[in-house]
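For reference, the chains in residue letters:
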Amino acid sequence: MSQWPHVTSLGKIFIKLAPLLAAYGPYVENSTHAHKTLTRLLQTDQKFAAFVSERAGGSDFKLTELLFYPLNRISQYSMSFETILKHTPRKHPDHSRLSRAHGMMTKLYNFIQESVTVSKNRAKILECKRKLGAYFEGQLLAPGRVLVKEGSINVTSKGKKAQRYIFLFNDMAILTKSIQKGEMCRPKDILVFTENTKVTVGKEPHQFMIACEDTYLLESENKQVADAWRLDFSKQIEAVLSRSRNVFGVQLVEILKKDSRQQDGIPYVVRLLVKEIEKDLTVKGIYRVPGNDDVVVGLKKVLDTFEEVKNPFVKASTFDIAAALKLFLRELPEPLLTFDLYEEFTALEGSEEEKSRLKEIIAKLPKENLNLLKFIIKHLINVGNQSSTNMMTPTNLALIFGPGLLYPRVETIQYTLTLPRIFWIVQTMIEDYDAIFGEDKNQKPKYKKKPTGNKKKKIKAKATVLYQYAAQSENELNLVVGASVTVLQNDPSGWCEVRIGSESGWVPAGYLQIQSS
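Residues numbered from 1 in each chain as written. Predicted model: local features only at pLDDT ≥ 70, side-chain atom pairs only at ≥ 80, totals over all residues. Heavy atoms only, no water.

Caption draft 1: Spatial organisation of the overall build of the protein chain. When helices and strands are tallied, the protein chain shows 19 helices and 12 strands. A separation threshold of at least 6 residues defines the contact pool for the protein chain, and within that pool the share at least 24 residues apart is 63%. For the protein chain, the exposed area adds up to about 28,100 Å²; of that, 51% sits on carbon and sulfur atoms. (Helix = DSSP H or I, 4+ residues; strand = E, 2+ residues; numbered from the N terminus. Contact = heavy atoms within 4.5 Å. Areas by Shrake-Rupley, 256 points an atom, 1.4 Å probe, with all protein chains shown as cover.)

And the structure:
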């Protein structure tokens, strides 16, 4: 592969063409709905079925299967790049670009798998919308909304009993006039679940009651059917009630209203987590190394309250605590950089001239979001200043925190292709905090990016690269894991000047294992 001249540009060409893959976004989103529609037409429209059969020409061709061919092609792309990368030497000039291309395709493949699940739910909701027709004027498709169940049951409300066809979602229920074949569902009541909604057992075993603005008695002659409906309603309403008591997954404004321990607009749980993490910022891979899933879930459960918590970190490592902070940010119903500003942020292409524009957009953030954003970025600056030992440079921190700080209402393939711009935004906030946030110089944190230039210790030693590193300025070099470099001198700031081939530049000392001097 190292002798094949065309591979020198394969990664570059693919990365250049990658934005065209955004076309997969609408395709994936609509794939399940399209498959269901096509299946229904083949079963109900004889002329259409005959047309498809005629075009197939008696072969085993199936139009329904053809719909999924483009999605299967993505997995083939990912496997192809994995094979090419496996046989491309690390020192090959296209290796880094091939790595990026492979990473992009792997993320795209994973995204498509997740999107298919979302698409199935979307198709179900669109089918509900079709059944409701013009009778329902509200917006059924909403972020996080899931169709749990639909079916018929008897409902008594305001003294009147009637059979109702119910669409049960995870945040509301639509009670409609019972379905007749070929007839639309006419909504009669919409129950929006709140912390005051309650489900209780009825007087008879086959009954149960739902109390919200009005009271509804639901019943079925079949006790098992009634019990199943009661349990399904109870789960959704209990989840809504649980969210009203929680800190995780709650709007920032609501947290600050309920949090008596918040200080300067920073939720107590965030300040507590950051304080614990900053006790030792030299931990290698902090934020990059995932925490123990069971411990993180347990930690979230302990911290997910407005009540006083004693010794929450007894069984937690720094990685677990760091994972809990990332989880808090990711579970906010809206990202810190907000849905409304998503388009403005991702319109930035990452040039030096756009920093002033970035500052203007950030200034538009709600006060609560801006306060917490500044607090988080200051913390990341503190983490980045220990990058020579913890390996967490601004670039690495941006890769980890970017997707949690900014994402659209509906995550699409187009979103995955704008991630490099989001990474640039977060990296710029870390490296140029004072220029972006414009705080008093005496109060601002400062990312110490460059070597000090004082008391350098000149040496000449061979070293092996332990961790991959991407250069962040003209005086730095890229590092590839396993590569051999020559160390020219050490700097007290934790940086080394090294020579790789004919080039020399600076890299974090902690990324190297010096073999001899």
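Caption draft 2: A look at the pattern of salt bridges. One pass over the full model with this rule turns up 16 salt bridges. Among the salt bridges present, the one from D432 reaches K355, with a minimum N-O distance of 2.7 Å. Of this pair, D432 sits in the loop between α18 (419-431) and α19 (433-437) while K355 sits in helix α13 (residues 355-362), and the two are 77 residues apart along the sequence. Here E360 makes a salt bridge to R357, at a shortest N to O gap of 3.3 Å. Taken together, the residues span about one helical turn, with E360 and R357 both in helix α13 at a distance of 3 residues. Through salt bridges that share partners, E344, R357, E360 and K364 make up one connected network. (Salt bridge = Lys/Arg side-chain N within 4 Å of Asp/Glu carboxyl O.)

Caption draft 3: Local environment of the nonpolar core. Counting residues in each nonpolar core, the largest one holds 66 residues, and the members touching the most others are V270, Y287 and F328. The contact partners of V270, leaving out residues within four places of it in the chain, are L325, F328, L372, F375 and I376. Counting 16 residues, the second largest nonpolar core, distinct from the first, contains V155, F193, F233 and I237. (Core = buried A, V, L, I, M, F, W, Y, C linked by side-chain atoms within 4.5 Å. Buried < 20%, exposed > 50% of the residue type's maximum accessible area, 1.4 Å probe, protein only.)

Caption draft 4: Fine view of the pairing of strand β11 (residues 503-508). Two elements, strand β10 (residues 495-500) and β11, share 6 bridges in a ladder whose sense is antiparallel. The residue bridging C496 from the neighbouring strand is V507, located in β11. A loop of 2 residues connects β10 with β11, the two strands running antiparallel in sequence, and G501 in this loop sits at a positive phi of about 65°. (Pairing = 2+ DSSP bridges.)

Caption draft 5: Layout of unusual backbone geometry. With phi around 55°, D264 is a residue other than glycine that occupies positive phi space. When you line up the elements, D264 lands in the loop between α8 (252-258) and α9 (268-277). A relative accessible area of 61% places D264 in the exposed class. Positive phi, close to 65°, is recorded for M391, a residue that is not glycine. Within the fold, M391 resides in the loop between α15 (387-390) and α16 (394-405). For M391, a relative accessible area of 2% puts it in the buried group.

Caption draft 6: Layout of the environment of I277. Mapped onto the secondary structure, I277 falls in helix α9. A relative accessible area of 1% places I277 in the buried class. As a C-alpha pair, I277 and A322 span 45 residues in sequence and 6.7 Å in three-dimensional space. When neighbours within four sequence positions are excluded, I277 is seen to be in contact with I286, Y287, I321, A322, L325 and H379.

Caption draft 7: Inspection of the packing of aromatic side chains at higher detail. As enumerated under the stated definition, the model contains 8 aromatic pairs in all. Ring centres 6.2 Å apart and planes at 70° place the aromatic pair F193 and F233 in the edge-to-face group. In this pair, F193 sits in the loop between β4 (187-192) and β5 (198-201) while F233 sits in helix α7 (residues 223-245), placing the two residues 40 residues apart along the sequence. Side by side, F193 and F233 carry an identical accessibility label, which is buried. With centroids separated by 4.8 Å and ring planes inclined at 75°, the aromatic side chains of Y287 and F401 adopt a geometry described as edge-to-face. (Phe/Tyr/Trp six-rings, centres within 6.5 Å; stacked < 30°, edge-to-face > 60°.)

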